[in-house]
Amino acid sequence: MTSSSSLFTTTLPFEIRVIRWNKKPKTSQLIDLRMIKAFVRLSVAFLVMSVDSSDNKIMLGDMSVESLFESHLEFQYNFDDYEVNTSFKLATLAEIDVHILFGSWCHDSKREVPRMLRILDAFDVRDEQIHLIGLDFKKNEPENRGEDFNISKTPTFIFSKDGVEIGRIEESPDISL
């Protein structure tokens, strides 16, 4: 059986059979049948869209900003949409490293990581100073840095100087980035 809409076309691996009664069905039976059909259509649409989406790929370990943006467009869109308030001056960031531990699956990460990347870009922080580290649902990755950095929330931004942590932001800041 083939289901189609303006969003996608797919072949279903099963068939929906409608049982017809000799007697005229009661109104409640028609409503039940319509609800079942609508539920099945929505379920299949959700399944197809989630399987086909490249944004569902969980990225683990080290990555570049470019690879994050290429594989997860929502991060790129949020980066492009964020406007940095440059009316204030930050202390020099030349000697500061920023470790960004996040989940590509996490809604807070999708909002806060692009904002932080936009801020770091606006203040000319070099790519070598930014360390993007993707985490899994258990907030860890193959090199065990989620555990090493004691990550309990995503995203976590860790600021360090000469290898010593000087500050961190967990999940989202109290005020704003």
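Our structure is the block above this text.
Rules and cut-offs
- Residues numbered from 1 in each chain as written.
- Predicted model: local features only at pLDDT ≥ 70, side-chain atom pairs only at ≥ 80, totals over all residues.
- Heavy atoms only, no water.
- Phe/Tyr/Trp six-rings, centres within 6.5 Å; stacked < 30°, edge-to-face > 60°.
- Helix = DSSP H or I, 4+ residues; strand = E, 2+ residues; numbered from the N terminus.
- Buried < 20%, exposed > 50% of the residue type's maximum accessible area, 1.4 Å probe, protein only.
- Core = buried A, V, L, I, M, F, W, Y, C linked by side-chain atoms within 4.5 Å.
- Contact = heavy atoms within 4.5 Å.
- Pairing = 2+ DSSP bridges.
- Right-handed = clockwise from strand over helix to strand, strands pointing away.

Moving on, we get to the packing of aromatic side chains. Scanning the entire structure with this criterion turns up 3 aromatic pairs. Look at Phe69 and Phe79: their rings are 5.2 Å apart centre to centre, the planes differ by 50°, and that puts the pair in the tilted class. Residue Phe69 is found in helix H2 (residues 65-71), and its partner Phe79 is found in helix H3 (residues 73-81); the two are separated by 10 residues along the sequence. Residue classification places Phe69 among the buried residues on the basis of a relative accessible area of 9%. A residue is classified by how much of its surface remains accessible, and Phe79, at 12% relative accessible area, is buried. Note on Trp105 and Phe137: the rings are 4.7 Å apart at their centroids and 40° apart in plane angle, and the pair reads as tilted.

Leu68, Ile100, Phe102, Val113, Leu117 and Leu132 are the most contacted members of the largest nonpolar core, which totals 20 residues. Elements that contribute at least two residues to this core include exactly H2, H3, strand S4 (96-102), helix H4 (107-122), strand S5 (130-134) and strand S6 (156-161). In contact with Leu117, not counting residues within four places along its chain, are Val65, Leu68, Phe69, Phe79, Ile100, Ile130 and Leu132. Residues Leu101, Ile133, Leu135 and Ile151 belong to the second largest nonpolar core, which totals 5 residues.

The next subject is the pairing of S5. With 4 of 5 residues buried, S5 is to be regarded as a mostly interior element. As paired elements, strand S3 (residues 61-63) and S5 share 3 bridges and run antiparallel to each other. Its bridge partner lying in S5, Met63 is registered against Leu132. Relative to S5, S4 is paired through 5 bridges, and the arrangement is parallel. In the sheet register, Phe102 faces S5, and the bridge partner there is Gly134. For the handedness criterion, the β-α-β arrangement of S4, H4 and S5 is classed as right-handed.

Purely geometric stuff here, so don't read any function into it on its own.
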